[in-house]
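# Chains, contacts and geometry: an overview
Here's the letter readout for the chains.
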Amino acid sequence: MSGGLLKALHSDSYVELSQYRDQHFQGDNKEEEKLLKKSCTLYVGNLSFYTTEEQIYELFSKSGDIKMKKTACGFCFVEYYSRADAENAMWYINGTRLDDWIIHTDWDTGFKEFRQYGRGRSGGQV
Amino acid sequence: MQKICESSARLLPEKLTIYTTLVGLLNARNYNFGGEFVEAMIRQLKESLKANNYNEAVYLVRFLSDLVNCHVIAAPSMVAMFENFVSVTQEEDVPQVRRDWYVYAFLSSLPWVGKELYEKKDAEMDRIFANTESYLKRRQKTHVPMLQVWTAEKPHPQEEYLDCLWAQIQKLKKDRWQERHILRPYLAFDSILCEALQHNLPPFTPPPHTEDSVYPMPRVIFRMFDYTDDPEGPVMPGSHSVERFVIEENLHCIIKSHWKERKTCAAQLVSYPGKNKIPLNYHIVEVIFAELFQLPAPPHIEVMYTTLLIELCKLQPGSLPQVLAQATEMLYMRLDTMSTTCVDRFINWFSHHLSNFQFRWSWEDWSDCLTQDPESPKPKFVREVLEKCMRLSYHQRILDIVPPTFSALCPANPTCIYKYGDESSNSLPGHSVALCLAVAFKSKATNDEIFSILKDVPNPNQDDDDDEGFSFNPLKIEVFVQTLLHLAAKSFSHSFSALAKFHEVFKTLAESDEGKLHVLRVMFEVWRNHPQMIAVLVDKMIRTQIVDCAAVANWIFSSELSRDFTRLFVWEILHSTIRKMNKHVLKIQKELEEAKEKLARQHKRRSDDDDRSSDRKDGALEEQIERLQEKVESAQSEQKNLFLVIFQRFIMILTEHLVRCETDGTSVLTPWYKNCIERLQQIFLQHHQIIQQYMVTLENLLFTAELDPHILAVFQQFCALQA
């Protein structure tokens, strides 16, 4: 009982790792989790096809300065300069609307060359 | 069990009476448990105070007070503790904020335990009260104007927090401590609890003031509603009722407990016990706006409040949105006297909120702003909101969501302005070079190729030209920056790539201070319709060291920007620039600390191993530390210089305005002046921790007694904040 209550007091579910793991990640699950827990990069899914870079910048700047952004169709990656800024996005921007669509953010291991970025099986959007 | 109660005391203060009752029952069963618990709480309290955790300490004091109600702590010993608290008001040579805290800790516990303490020790309590009253009468309140959300006293006065609390406690005392709002579970267990043996609190000496002590800042109590605002529902407790204090405290505590879990936070807020007797939605909205508008800064990041309000709207779709709309209307009506910093936050909140609800709003209700001077607060507010809404959507959408009458307030289409673009520009100097550059850029020219094209550009400041012609040449900068930014106009990414690819050219052209300023000027001319692009470009240019922070500050105060000086984007750029400077200093300081720690560890290892060979390793590390030390000093100096430049420029333009008004015999209080003086205030408020370091310099160099009293007042209010 005591463990549960204290755990509830310190709950931080919005920032916890989701079930998603990159099937193309070069390394084991433990390594991937380690990177995810330090990551400043977020995957942003369920973007409208018309969502612009400006809109993404405007919304995600509300939690901190954006270092880099990579777009694809329907999803993108946003990297912050600090972990704290990314956490703020997970707490407060995830699950709200951008361009009328409810967007979804999740931790990502970060930008690397030759990575396949899509989260669908064939590399596109889920 | 002890750990749970201790944690709950700190982390769930809104539920404290549940846990104090639990402790009371356990104490009744096991006297030793009670004793150990109280000792642990006192230890915790001392630690919190020493660690400057004053907000946590207040909850601990409140918890201890309620333990009196649960027969765990003997009332006389609690009174003695409060005597010691209030005696801090007699301390000399300590900051007022220290004395304030101890008075606050005493007064804010009284709604819970005032009755019990008065019943047992009324003479002593009267004495403590008299001391408190005399302190409250003599303390300084210079800081208050700087912390008020509105400058007007009507309809709700913005009271200083201790004044408000004192009035509430006075009223409670007059009502013979009858307090009906707090849930007191221990009343149901009175027969068990009254049999319990009580403990005496050990004599408590407040930890002395040290140089490292940092006390909470004073506050102003934010009020926007009263009982007239919800005529059909339960009556809202008056501003000086203790119920109002307790409700607000508890709602603030809930937000504090659950800020990371917004759904839980919203659920806890709407299920507040006793909600049927109070207009809960009004209290919730008021408390959230109180935090959002709090000066100097909200307790949490602004976007948190937007998302929390959205969650609340989802949870209570039939009632909360209406209250929120009512609140928005009220805030709009009172824009004329709202502090500029708070207006900024209102703009950001409202635009972001609308973007989650398809921008639906009854804009016609605000048609009154259309006939006002466009520089006055209401039309300005609408313009800024529409601009922000556009950033979250697109230009045509904004034109569609407002009535046609509002088109004058709609933002410009964010297009690029290229001066060499059309036929009429043939006669402009540098036109042919611009065309040449355009061709070169399109054929993926290198930096060297660009340099050689630019070599042919004449320098309008011919006298200043000395060496290879790479001294400040405004025309070179003009053709290069205009053409490059125009070609890269498609998106932020394109523009960033352009800055990165031709970084060398940028650095060379912008080597001098005038060069940096001119780069910013030209960039602004190209993108003056797209403030968002301006902001991201300035950010990138600072980060890639094309321009420095001081250049941005000087640019903002330059004549080219005077027309846009009161626009929000300008101040967002300035504050972002200052934040970058601050983060840079912190980063290097951290590197220096880490290097020093590394050296210390190495020394320790050496003394343990008695190994001579690491002398050489030391040398490299010591050199690194020396270099970092220099870097830190240089960065700190740059940081200080940035603030001095900003303050200096403010003083210059404000003085100019004040002198002109005096000469012309016109009123000082123009919309421009209100905006400008509050922007100066905002610099102090938003960066108060850093600026505290410069107090002596500021006092001796800039904010001297000869300064106009209007400007000096801002500085004096700031000094009073931590005095």
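Residues numbered from 1 in each chain as written. Chains lettered and ligands numbered in written order. Predicted model: local features only at pLDDT ≥ 70, side-chain atom pairs only at ≥ 80, totals over all residues. Heavy atoms only, no water.

We count it as follows: UniProt positions are given in the numbering used here, feature names are shortened, and annotations may be inferred rather than shown by experiment.
As annotated in an unreviewed UniProt entry, chain B is Nuclear cap-binding protein subunit 1 from Phyllostomus discolor. The UniProt entry for chain B carries the following text under Sequence similarities (unreviewed entry): "Belongs to the NCBP1 family."

Per an unreviewed UniProt entry, chain A goes by the name Nuclear cap-binding protein subunit 2 and belongs to Phyllostomus discolor. Per UniProt, chain A has the following entry under Subcellular location (unreviewed entry): "Nucleus". Its UniProt record, at the heading Subunit (unreviewed entry), says of chain A: "Component of the nuclear cap-binding complex (CBC), a heterodimer composed of ncbp1/cbp80 and ncbp2/cbp20 that interacts with m7GpppG-capped RNA."

## Some points on the packing of helix 5 (residues 75-87) of chain B against helix 7 (residues 110-120) of chain B
Residue and element names in this part refer to chain B. Keep this limit in mind: Fitting a line to C-alpha atoms yields each axis, with helices limited to the stretch in contact; the angle taken between N-to-C directions then spans 0 to 180 degrees. Starting at the N terminus, helices and strands are each numbered in turn, a helix being any DSSP run of H or I of at least four residues and a strand any DSSP run of E of at least two. Here the word oblique covers every angle except those under 35 degrees (roughly parallel), over 145 (roughly antiparallel) and from 65 to 115 (roughly perpendicular). Should any heavy atoms of two residues lie within 4.5 Å, those residues are considered in contact. Note that Gly is not counted as nonpolar here; it falls among the polar residues with everything else outside the nonpolar set of Ala, Val, Leu, Ile, Met, Phe, Trp, Tyr, Cys and Pro and the charged set of Asp, Glu, Lys and Arg.
Where helix 5 meets helix 7, the axes come as close as 9 Å, and the angle between the chain directions of the two elements is 105 degrees. For the element pair helix 5 / helix 7, the angle class is roughly perpendicular. Contacts from Ala75, Met78, Val79 and Phe82 in helix 5 reach Val113, Leu117 and Lys120 in helix 7. When grouped by side-chain class, the residues that make up the contact of helix 5 with helix 7 number 6 nonpolar, no polar and 1 charged.

## Considerations on the pattern of salt bridges
Residue and element names in this part refer to chain B. Convention followed: The working definition used for a salt bridge is a side-chain nitrogen of Lys or Arg within 4 Å of a carboxyl oxygen of Asp or Glu. Any residue under 20% of the maximum accessible area for its type is buried, any over 50% is exposed, and the rest in between are partly exposed; the area is computed with a 1.4 Å probe on protein chains only.
Applying the stated rule across the entire model yields 43 salt bridges over all chains. Between glutamate 133 and lysine 137 there is a salt bridge, and its shortest N-O distance comes to 3.4 Å. Here lysine 137 and glutamate 133 lie together in helix 8 (residues 122-138), a separation of 4 residues that amounts to about one turn. When its relative accessible area of 29% is taken as the criterion, glutamate 133 is described as partly exposed.

## As for empty space enclosed by the protein
Defined as follows: Think of a 1 Å grid over just the protein atoms. A cavity is a set of points where a 1.4 Å probe fits yet cannot get out, a pocket is an open set with protein on both sides within 12 Å along at least five of seven lines, and lining residues have an atom within 4 Å of a point. Grid points are joined across faces, edges and corners, and a volume is the space filled by probe spheres set on the points.
Using the criterion set out here, one finds 2 cavities of 30 Å³ or more in the structure. Here the largest cavity is characterised by a volume of approximately 40 Å³. Around the largest cavity sit Tyr20, Asp22, Glu32, Leu36, Trp107, Asp108, Thr109 and Arg119 of chain A, which together line it. For the lining of the largest cavity, the secondary-structure elements that each account for two or more residues are helix 2 (29-38) and strand 6 (104-108) of chain A. A class-by-class count of the residues in the lining of the largest cavity yields 3 nonpolar, 1 polar and 4 charged. Approximately 30 Å³ is the volume found for the second largest cavity. Together, Asp99 and Asp100 of chain A together with Ser355, Phe359, Leu392, Ser393 and Arg397 of chain B line the second largest cavity. Within the lining of the second largest cavity, the residues separate by chemical class into 2 nonpolar, 2 polar and 3 charged.

## Notes on unusual backbone geometry
Residues and elements named next belong to chain B. In this model, lysine 154 is joined to proline 155 through a cis peptide bond whose omega is -10 degrees. Examined against the element boundaries, proline 155 turns out to sit in the loop between helix 9 (144-147) and strand 1 (159-160). Here the residue pair leucine 295 and proline 296 is connected by a cis peptide bond, since its omega of 0 degrees sits within 30 degrees of zero. The residue proline 296 is located in the loop between helix 14 (280-292) and helix 15 (302-315) in this model. Here the phi dihedral of phenylalanine 359 falls at roughly 55 degrees; this positive angle occurs in a residue that is not glycine. Looking at the element boundaries, phenylalanine 359 is found in the loop between helix 17 (340-355) and helix 18 (377-391). On the accessibility criterion, phenylalanine 359 (3% relative accessible area) is buried.

## Some words on the interface of chain A and chain B
Counted only if it meets this: Once two parts are joined, some of their accessible surface, as seen by a 1.4 Å probe, is lost; buried area is that loss totalled over both.
Contacts between chain A and chain B engage 33 residues on the former and 37 residues on the latter. Between chain A and chain B, the buried area comes to about 3,300 Å², and carbon and sulfur atoms account for 50% of it. Sorting the residues of chain A by area buried against chain B places Glu58, Lys62 and Tyr92 of chain A first, and these three jointly supply 21% of that buried surface. Across the contact surface, chain A and chain B share 4 salt bridges. The salt bridge partner of arginine 543 of chain B is aspartate 65 of chain A, with a shortest N-O separation of 3.0 Å. Within the residue set of the side of chain A that touches chain B, elements represented by two or more residues are helix 1 (2-9), helix 3 (53-60), helix 4 (83-92) and strand 4 (97-98) of chain A. With 6 residues, the top contributor of residues to the side of chain A that touches chain B is helix 3 of chain A.

## Comments concerning a negative patch on the surface
All names here are of chain B. This is how the line gets drawn: Residues qualify for a patch when their relative accessible area is over 30% and they have no salt bridge, like charges being joined within 9 Å and the nonpolar side chains of Val, Leu, Ile, Met, Phe, Trp and Tyr within 5 Å. Accessible surface is estimated by sampling points in the Shrake-Rupley manner with a 1.4 Å probe; for residues, cover comes only from the protein chains shown. When charges are counted, Lys and Arg contribute as positive and Asp and Glu as negative, whereas His and the chain ends are disregarded. For charged residues, the charge sits on one atom: NZ in Lys, CZ in Arg, CG in Asp, CD in Glu.
A cluster of acidic side chains, namely Glu622, Glu623, Glu626, Glu630 and Glu633, defines a negative patch on the protein surface. The residue glutamate 633 is located in helix 29 (residues 614-664) in this model. Glutamate 633 gets classed as partly exposed once you look at its relative accessible area, which sits at 45%.

## With respect to the UniProt feature "domain: RRM" (unreviewed entry) in chain A
As annotated in UniProt, the feature "domain: RRM" (unreviewed entry) corresponds to residues 40-110 of chain A in the numbering used here. Regarding residues 40-110 of chain A, the helix share stands at 25% and the strand share at 35%, and the terminal C-alpha atoms are separated by 8 Å.

## Focus: the UniProt feature "domain: MIF4G" (unreviewed entry) in chain B
Those residues carrying the UniProt feature "domain: MIF4G" (unreviewed entry) are residues 1-173 of chain B in this numbering. A helix fraction of 75% and a strand fraction of 1% characterise residues 1-173 of chain B, whose end C-alpha atoms lie 36 Å from each other.

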